[in-house]
Amino acid sequence: MSDLYPEFVYFDLDDTLLDHKKAEQNGLADVHQHFVDFEEIPLAKLIDTYHHINKGLWEEYGRGEIDRHILHRRRFEETFIELGINPDLYVEAGKVYMNYYRNHWEWVKGARQVYENIADKFPVGIITNGFAETQWMKINQFGFKETTRQIVISEEVGVMKPHPKIFDYATKLADVKREKILYVGDSYTSDVQGGKAANWMVAWFTSNPEPEQAKLPDLAFDDFEVLLSSLKL
Ligand SMILES: [Mg+2]
């Protein structure tokens, strides 16, 4: 394991600092409970169908083919159609989901203490691909405004990671040489490939990396204590 000497540390938000996947699963479980129409449909089927449809819609969104309003509408409308449930319920489903999803936000295990420790020693920031409205709610709820120097949200920049524009923009905000920036994130394509293409250092939060992919980041870790101990002032 090599030592890292960053002068600025950016973090990804979803599934790096905050457990988005768990909140999403719990939010969908709540949607499943909320509508009687789901009585005959197992929760796992709802989760699978939603994931599949949501993933395709995010790809369309990433290519600029649809906006977030259309994404928010279609992810439940199309899930309901595929499951044979009245698609007119999509408006209510979207609202129910968002209310529940918000209540399930929590830190990734072990991330909070290490994040706070790093934020004490280094200037830190956040770069996230989420929607501004949702991500600002998380940022406010978890006090990131108080501990970060910079917050970069894809919707506000106009492109998503791994687009170089978002990394160049974040580099300017950090106001240090790009080689001195460390990015901590969980996504191979968005965070590892995007960060390395920008000439940053990258620490990849992953539990089971492909050996070939694990060669690209400066560090691959599944325990935040490992990240902390590899950072040197
Ligand atoms: Mg992430």
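Given the structure is predicted, the values throughout are model-derived calculations rather than measurements.

## A look at the overall build of the protein
Summing up its helical and strand segments, the protein has 12 helices and six strands in all. By the compact-globule yardstick of 17 Å for 233 residues, the protein fits well, its C-alpha radius of gyration being 19 Å. The C-alpha extent of the protein, read off along each of the three principal axes, is 55 × 40 × 35 Å. When each of the 233 residues of the protein is scored for burial, the buried share is 33%. Looking at the protein alone, contacts between residues at least 24 apart form 60% of all its contacts between residues at least 6 apart.

## Considerations on the sheet that holds strand 1 (residues 8–11)
Across the sheet, six strands lie side by side as 3-2-1-4-5-6; this open sheet has parallel pairing. Whereas interior strands pair on both sides, the edge strands pair on one side only; in this sheet they are strand 3 (150–153) and strand 6 (219–221). On average, adjacent strands in this sheet sit at an angle of 20° to one another, irrespective of strand direction. When strand 1 meets strand 4 (residues 181–185), the two strands line up parallel, connected through four bridges. The residue of strand 4 that forms the bridge with Val-9 is Leu-182.

## What about the domain arrangement of the protein?
Under the domain assignment used here, the protein contains domain 1 (8–18 + 106–230) and domain 2 (21–103). Placing a centre on the C-alpha atoms of domain 1 and another on those of domain 2 gives a separation of 27 Å. Contact residues are listed per partner, giving four residues for domain 1 and four residues for domain 2. Split into classes, the residues belonging to the side of domain 1 that touches domain 2 amount to three nonpolar, no polar and one charged.

## Side note on helix 5 (residues 111–121)
Taken as a whole, helix 5 has its buried residues at Val-114, Tyr-115 and Ile-118. Viewed along the axis of helix 5, the buried residues span an arc of 100°, placing them on a single side of the element. Within helix 5, the exposed residues directed more than 90 degrees away from the buried face are Gln-113, Glu-116 and Asp-120.

## Details of helix 2 (residues 43–62)
Here helix 2 is 20 residues long and its end C-alpha atoms lie 28 Å apart, about the 28 Å a rise of 1.5 Å per residue gives. Residues of helix 2 that are buried include every one of Leu-46, Tyr-50 and Leu-57, and no others. For helix 2, the angular spread of buried residues about the axis comes to 40°, placing them on one side. When the buried face of helix 2 is taken as reference, the exposed residues oriented beyond 90 degrees from it are Ala-44, Asp-48, Lys-55 and Glu-59. Along its buried surface, helix 2 packs onto helix 1 (20–34) and helix 3 (68–82).

Rules used throughout
- Residues numbered from 1 in each chain as written.
- Predicted model: local features only at pLDDT ≥ 70, side-chain atom pairs only at ≥ 80, totals over all residues.
- Helix = DSSP H or I, 4+ residues; strand = E, 2+ residues; numbered from the N terminus.
- Rg over C-alpha atoms; globule rule 2.2 N^0.38 Å.
- Buried ≥ 20, exposed ≤ 12 C-beta atoms within 10 Å, placed from the backbone.
- Contact = placed C-beta atoms within 7 Å.
- Pairing = 2+ DSSP bridges.
- Axes fitted to C-alpha atoms, helices over the stretch in contact; angles between N-to-C directions.
- Domains from an automatic or database assignment.
- Nonpolar A, V, L, I, M, F, W, Y, C, P; charged D, E, K, R; others polar.
- Arc of directions from axis to C-beta.
- Expected span 1.5 Å × (residues − 1).

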